[in-house]
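A structural walkthrough
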Amino acid sequence: MSLIKRNETNWLPSVFDDMFRTDWLGGTTNVNSIGTSIPAVNIMESEDSFNVEVAAPGMSKEDFNIELDNDVLTISSEEKKEEESTDKNGRFTRKEFSYRSFKRAFSLPDSVDSSKISASYENGVLEIALPKKEEAKVQAKRLIDIS
């Protein structure tokens, strides 16, 4: 359920919104949750590989955690910030902090060669290359002789 204050005139639509934003495993699909943002992802397939692009501007490559476990690729990040403002006497007049995280998981097909996965981060985009196994690549057309 969300932390939205409900009044008697708008409680029903909000209850249904919460129900449809929660997936069957208990996770949320609500992009506007506090401290959670789900980055946009592009997945492209070529003859030799799959390429995953994650839009994550303002981050550095050290901010990411990429794991492969039982053919599930998990990309996550967690960032904590604190900002302080003090008056002349050194007492806090305001102290703000923020917390931002995300986690995306993808089941990889059997055709991916997991030993050759690589990643790079440039211009706000995390790119993950998932090369295909040789036997999974498209084979060139050939003629077969009849004996």
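Quantities reported herein were computed from a predicted structural model and do not represent experimental measurements. (Residues numbered from 1 in each chain as written. Predicted model: local features only at pLDDT ≥ 70, side-chain atom pairs only at ≥ 80, totals over all residues. Heavy atoms only, no water.)

M59, F64, I75, L126, I128 and L130 are the most contacted members of the largest nonpolar core, which totals 16 residues. Mapped by element, the contributors of at least two residues to this core are β2 (49–55), β4 (72–86), β5 (92–107) and β7 (125–131). Those residues within four positions of I128 in sequence are excluded, and the remaining contacts are F50, N51, V52, I66, L73, I75, I117, S118 and A119. (Core = buried A, V, L, I, M, F, W, Y, C linked by side-chain atoms within 4.5 Å. Buried < 20%, exposed > 50% of the residue type's maximum accessible area, 1.4 Å probe, protein only. Helix = DSSP H or I, 4+ residues; strand = E, 2+ residues; numbered from the N terminus. Contact = heavy atoms within 4.5 Å.)

What follows concerns the pairing of strand β6 (residues 118–122). Bridge count for β6 against β7 is five bridges, and the pairing is antiparallel. Among the inter-strand pairings, S120 is bridged to a residue of β7, identified as E127. Connecting β6 to the antiparallel partner β7 that follows it, the hairpin turn spans two residues, and N123 within it adopts a positive phi of roughly 50°. (Pairing = 2+ DSSP bridges.)

A few words on the pattern of salt bridges. Under the counting rule described, the total for this entry stands at two salt bridges. The residue E45 makes a salt bridge to K132 at a minimum N-O spacing of 2.6 Å. With E45 in strand β1 (residues 41–45) and K132 in the segment after β7, the pair connects residues that are 87 residues apart, well separated along the chain. Of the charged contacts in the structure, one is a salt bridge between D113 and K116, with a shortest N-O distance of 3.8 Å. Take D113: its relative accessible area is 17%, and that puts it in the buried class. (Salt bridge = Lys/Arg side-chain N within 4 Å of Asp/Glu carboxyl O.)

Another point: the confidence of the model for the chain. Confidence along the chain averages 76 in pLDDT terms, with 67% of residues attaining 70 or more. Mean pLDDT across the elements of the chain ranges from a minimum in helix α1 (residues 11–21), with 49, to a maximum in β7, with 95. Segment residues 1–7 is flagged for pLDDT under 50; beyond a separation of four residues in sequence, or across chains, it makes seven contacts in the model. (pLDDT = per-residue confidence, 0-100.)

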